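A structural walkthrough
Here's the letter readout for the chains.
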Amino acid sequence: MATLEGKVALITGASSGLGAATVALFAAQGATVFGIARDVERLRDVHESAGSAGYAAVDISSAQACADAVGECVERFGRLDTLVNVAGAHTMRHTSSVTDDEWAADLAVNLNGPFFLTRAALPHLLAVNGSIVNVASTAGTQGQAYSAGYCAAKHGLVGLTRALAVEFSASQIRVNAVCPGGMVTPQVTNFVFPDGADVDLVMRTASPRGMSQPSDVAGMIAFLAGDAAKAVHGAVIAADNGRSAD
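One structure accompanies this document, and this report is about it. This is a predicted model, so every value here is computed, not measured.

Taken in spatial order, the seven strands line up as 3-2-1-4-5-6-7 in an open sheet, and their pairing is parallel. The open sheet has two edge strands with one neighbour each: strand 3 (54-57) and strand 7 (236-239). Across the sheet, the mean angle separating the axes of adjacent strands is 15 degrees when strand polarity is ignored. Bridging between strand 1 (residues 8-12) and strand 2 (residues 32-37) involves five bridges; their strand directions are parallel. Residue Val8 lies in a different strand from strand 2, and its bridge partner there is Thr32. Sheet strands touched by helix 5 (residues 148-167): strand 5 (131-135), strand 6 (174-180) and strand 7. Its angle to strand 6, the strand with the most contacts, is close to 155 degrees. The sheet contacts of helix 8 (residues 214-225) involve strand 4 (82-85), strand 5, strand 6 and strand 7, and relative to strand 6 the element is tilted by about 170 degrees.

Printed below as a string of structure tokens:
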């Protein structure tokens, strides 16, 4: 179904996991996709497999790199309809041992990058009544053990989503967030618990239905980016296999 036909989408974290699944689905639905991530070799593989329109290696922790990526996308494709902030990083640590650099890194990828890209993209999105879809997490709406930096950043991303929704309520741009639970992605399947971690605390955030597939969450992102979601603005939507129901 070509439900995103004619739309130009910039998707971050596009080299693996949810980002790669989102690139594939958007391309299949007719969007012109510009994918960015840090690993250019994996980006190339995703691009060739999905048939996306282009890609670039970008470190989203850099404000200038984010501005340049948006500029390249618009220069190449003439417009920008949707920004999808998928890129994220999560390392479990005992809070008492988190270093200044580790704290800064948690915020850089999970919060600063989406903000830098949003700031650069807004003039282009406003010009076409476009949309932003932020991928937060269940960690953006609840606490998770050994994840202080990640939770702080994802709560911040939910707050950014809501702040933008209010600020631009008089326009037709739409800003929403999706909060996935556990997914079968490299980030989740390669988790390493910190020494001495209480596994029962960690498992409080697990869904009784198990982990989702990235393609399942990508479907929600595509819906929010499409015209069928015109009435959805400022929403923070759980895609967590029912974890947040209790």
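Next comes the rest of the description.
It is worth spelling out the environment of Asn110 at this point. Tracing the sequence through the fold places Asn110 in helix 4 (residues 100-128). Separated by 26 residues in sequence, Asn110 and Ala136 have C-alpha atoms that sit 8.3 Å apart. Each residue touching Asn110, except ones within four places of it in the same chain, is listed here: Gly88, Ala89, Tyr150, Ala153, Lys154 and Leu157. Of the polar contacts made by the side chain of Asn110, one reaches the backbone oxygen of Ala89; its length is 2.9 Å.

With that settled, consider the layout of surface pockets. In this structure, the second largest pocket spans a volume of roughly 270 Å³. Forming the walls of the second largest pocket are 15 residues, and the residues nearest its centre are Asn129, Gln172, Arg174, Asp227 and Lys230. For the lining of the second largest pocket, the residue count by class is three nonpolar, seven polar and five charged.

With that out of the way, let us pick up the environment of Ser212. With respect to the secondary-structure elements, Ser212 resides in the loop between helix 7 (199-203) and helix 8. A sequence separation of 51 residues divides Ser212 from Thr161, and the C-alpha atoms of the two residues are 23 Å apart.

Parameters and conventions
- Residues numbered from 1 in each chain as written.
- Predicted model: local features only at pLDDT ≥ 70, side-chain atom pairs only at ≥ 80, totals over all residues.
- Heavy atoms only, no water.
- Pairing = 2+ DSSP bridges.
- Helix = DSSP H or I, 4+ residues; strand = E, 2+ residues; numbered from the N terminus.
- Axes fitted to C-alpha atoms, helices over the stretch in contact; angles between N-to-C directions.
- Contact = heavy atoms within 4.5 Å.
- Polar contact = N/O pair within 3.5 Å; in protein donor to acceptor, adjacent residues only side chain to side chain.
- 1 Å grid on protein atoms, 1.4 Å probe; cavity = no way out; pocket = protein on both sides within 12 Å on 5 of 7 lines; lining within 4 Å.
- Points joined across faces, edges and corners; volume = space filled by probe spheres on them.
- Nonpolar A, V, L, I, M, F, W, Y, C, P; charged D, E, K, R; others polar.

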